[in-house]
Amino acid sequence: MKYSIVDTHCDTLCCVLDDNKPLMKNDCHVDIERMSAYKSYTQVFACFIDPIYKDGAVQRTLDLIDTFNKNAVLLPENVKTILSIEGGEGIYSLSALRNYYRLGVRIAALTWNYSNHIASGALEKDETKGLTEFGIKVVREMNRLGILLDVSHLNRKSFYDAVQITRQPIIATHSCSDAVCAHLRNITDAQFEIIRHSDGCVGINFYPYFLTDKTDCSIDDIIKHIEHFMELGGEDNIGIGADFDGIDCLPDGISGVQDIYKLFDRLSQLGYTDEQMEKISHKNFERILEKYNV
C-alpha cells in the first residue's frame, strides 16, 4: 500500500502474551504481516498494566517487555516498533524507570484510568488529585532519560501538573477531541493548545465511544476529530493512535491495521493534500520520535 503509517498505541502485546498468539500473523487487530503491506509502518506497542496486575505490576511489565523483545527480531525492513508503558504501577522507583529505559521503553503513560502512586487517571473522581511528589520526580527523570510523556490517560489536574514540569513535546498517544465528543479520556481545546505549542501531537483514537455519541460510528467520525484539531491550527500536531487490541469495537469499515488506508483514502476524497495526509499519517509523530532518537 502507498501510505506510510505511524500508530502510537496498540495493546497487542497483551494478546500475544496472554493468548499465546504469534505477532507475525494472528487474528488480533495488529500483526507484522499486515503492517508490512504498507510502504512503511511504525507501531508503538504498549505494555498495558491492567489493574488486576497491581500487586504484580513489575513482573507484568517485565513479561510484556520480554514478549516485545522476543518478537521484535521478526521485523521486515519496512516495519519499525517502539515500546511504551501504559500504567506506571511497575515504576516503583527511579532505578526501575531507568531499567525500563535500558530494556527499550521510550514512551510512558503514568496511569491508566485510575490513580496510582505517580499520578491520577482520567476517571479519578477527586479532581484535586494530580501528580504526586514521586510523580514529579518521575517526569523529570523521564525528561533526562529521553522517555516521552504520554498524557492520554491523565486526569486534568495531572495533565496541568505534568506540563508545568516537562521540557519535551507533549504527546497524547491515543485520545480524541472533547469538543467533538465529550469524554474524560478526550483532550479539551485548551489542552490541545498546550500540546500544539509544545510541538507535540495527539494520536486520534479509533474507539467509537470516544469518537461519537451516536449509536453508529464510521470513518467520517474519525475525520470529524481530525478536522476539529485542524481548525485549531493543528496540522502539524495530529496523528494516529488507533488503540487496536485495546478496544472492544471499531468504526464501520475498520477491523484492524489492514484498514487504516481507508481513512487516508477518505481524506483524499475530501480534498486533503498529499502533504497534509503525510503529516497526519506519519510525519508529525516522526518529527518528535526522531528528535528524541526514539
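The model shown is predicted, which means the values in this text are computed figures rather than measured ones. (Residues numbered from 1 in each chain as written. Predicted model: local features only at pLDDT ≥ 70, side-chain atom pairs only at ≥ 80, totals over all residues. Heavy atoms only, no water.)

## Quick notes on the overall build of the protein
Working step 1: Secondary structure summary: the protein contains 11 helices and eight strands in total.
Working step 2: Relative to the compact-globule value of 19 Å for 294 residues, the protein shows a C-alpha radius of gyration of 18 Å, a close match.
Working step 3: Taken along its principal axes, the extent of the C-alpha atoms in the protein is 50 × 40 × 35 Å.
Working step 4: Counting the 294 residues in the protein, one finds 57% classified as buried.
Working step 5: Summarising the internal contacts of the protein: among those between residues at least 6 apart in sequence, 72% fall at separations of at least 24.
Working step 6: Of the roughly 12,000 Å² of accessible surface on the protein, 48% is carried by carbon and sulfur atoms.
Working step 7: Seen as two clouds, the 30 positive and the 44 negative side-chain charges of the protein have centres 6 Å apart. (Helix = DSSP H or I, 4+ residues; strand = E, 2+ residues; numbered from the N terminus. Rg over C-alpha atoms; globule rule 2.2 N^0.38 Å. Buried < 20%, exposed > 50% of the residue type's maximum accessible area, 1.4 Å probe, protein only. Contact = heavy atoms within 4.5 Å. Areas by Shrake-Rupley, 256 points an atom, 1.4 Å probe, with all protein chains shown as cover. Lys, Arg positive; Asp, Glu negative; His and termini not counted. Charge placed at Lys NZ, Arg CZ, Asp CG, Glu CD.)

## Notes on the environment of aspartate 221
Working step 1: One can find aspartate 221 in helix H9 (residues 219-231).
Working step 2: For the pair aspartate 221 and glutamate 124, spaced 97 residues apart in the sequence, the C-alpha separation amounts to 27 Å.
Working step 3: Sequence-distant contacts of aspartate 221, defined by excluding residues within four places in its chain, comprise Leu211, Thr212, Lys214 and Asp216.
Working step 4: Polar contacts involving the side chain of aspartate 221 include one to the side chain of lysine 214, which spans 3.4 Å.
Working step 5: In terms of polar contacts, aspartate 221 uses its side chain to reach the backbone amide nitrogen of serine 218, at 2.9 Å. (Polar contact = N/O pair within 3.5 Å; in protein donor to acceptor, adjacent residues only side chain to side chain.)

## Digging into the pairing of strand E7 (residues 201-204)
Working step 1: Residue alternation in E7 divides its side chains into two sets, Cys201 and Gly203 and Val202 and Ile204, and both sets are buried.
Working step 2: Here strand E6 (residues 171-172) pairs with E7 via two bridges, running parallel. Directly across from isoleucine 171, in E7, lies its bridge partner cysteine 201.
Working step 3: Note that the unit made of E6, helix H7 (residues 189-197) and E7 has a crossover that is right-handed.
Working step 4: Where E7 meets strand E8 (residues 238-240), three bridges bridge the pair, whose relative direction is parallel. Across the sheet, isoleucine 204 pairs through a bridge with isoleucine 240, a residue of E8. (Pairing = 2+ DSSP bridges. Right-handed = clockwise from strand over helix to strand, strands pointing away.)

## Looking at the pattern of salt bridges
Working step 1: This model, assessed by the stated rule, comprises 19 salt bridges.
Working step 2: Of the charged contacts in the structure, one is a salt bridge between lysine 262 and aspartate 259, with a shortest N-O distance of 3.4 Å.
Working step 3: Each of the salt bridges in this network shares a partner with another, and the network as a whole consists of Arg98, Glu141 and Arg144. (Salt bridge = Lys/Arg side-chain N within 4 Å of Asp/Glu carboxyl O.)

## With respect to the side chain of aspartate 11
Working step 1: Note that aspartate 11 resides in the loop between strand E1 (4-10) and helix H1 (12-18).
Working step 2: Of the side chains with opposite charge, arginine 185 lies nearest to the buried aspartate 11, which makes no salt bridge, at 8.1 Å.
Working step 3: One polar contact links aspartate 11 to histidine 9, side chain to side chain, over a distance of 3.3 Å.

## Remarks on the environment of cysteine 176
Working step 1: If you trace the backbone, cysteine 176 turns up in the loop between E6 and H7.
Working step 2: Separated by 54 residues in sequence, cysteine 176 and alanine 122 have C-alpha atoms that sit 13 Å apart.
Working step 3: Contact partners of cysteine 176, with chain neighbours within four places excluded, come to Asn186, Ile187, Ile204, Asn205, Phe210, Leu211, His225 and Phe229.

## Description of the nonpolar core
Working step 1: Counting 80 residues, the largest nonpolar core has Leu110, Phe206, Ile226, Phe244, Ile260, Leu263 and Phe264 as its most contacted members.
Working step 2: At six residues, the largest contribution of residues to this core is made by H9.
Working step 3: Non-local contacts of phenylalanine 264, meaning those with residues more than four positions away in its chain, are made with Tyr3, Ile5, Ile240, Met277, Ile280 and Ser281.
Working step 4: In this structure, Val44, Ile82, Leu148 and Ile171 belong to the second largest nonpolar core, which totals 11 residues. (Core = buried A, V, L, I, M, F, W, Y, C linked by side-chain atoms within 4.5 Å.)

## Here's the deal with helix H3 (residues 57-71)
Working step 1: The end-to-end C-alpha distance of H3, which contains 15 residues, comes to 21 Å, matching closely the 21 Å that a straight helix rising 1.5 Å per residue would cover.
Working step 2: Restricting attention to buried positions, one finds in H3 the residues Ala57, Arg60, Thr61, Leu64, Ile65, Thr67, Phe68 and Asn71. Along the axis of H3, the buried residues cluster in a sector spanning 155 degrees; they form a single face.
Working step 3: Lining the buried residues of H3 we find H1, helix H2 (32-35), strand E2 (40-48), strand E3 (79-86), helix H4 (94-102) and strand E4 (105-109). (Expected span 1.5 Å × (residues − 1). Arc of directions from axis to C-beta.)

## Some details on a nonpolar patch on the surface
Working step 1: Among the surface-exposed residues, Met24, Val73 and Leu74 lie close enough to one another that they form a single nonpolar patch of about 270 Å² accessible area.
Working step 2: Relative to the elements of secondary structure, methionine 24 occurs in the loop between H1 and H2.
Working step 3: You can call methionine 24 partly exposed: its relative accessible area is 32%. (Patch = residues over 30% accessible without salt bridge, like charges linked within 9 Å, V, L, I, M, F, W, Y side chains within 5 Å.)

## Side note on unusual backbone geometry
Working step 1: Positive phi, close to 55 degrees, is recorded for asparagine 20, a residue that is not glycine.
Working step 2: By the element assignment, asparagine 20 lies in the loop between H1 and H2.
Working step 3: The class of asparagine 20 is exposed, set by a relative accessible area of 69%.
Working step 4: A positive phi is found at aspartate 245, a non-glycine position, where the angle reads about 65 degrees.
Working step 5: Inspection of the secondary structure assignment puts aspartate 245 in the loop between E8 and helix H10 (261-269).

Geometric descriptors of this kind do not, in isolation, establish any biological role.
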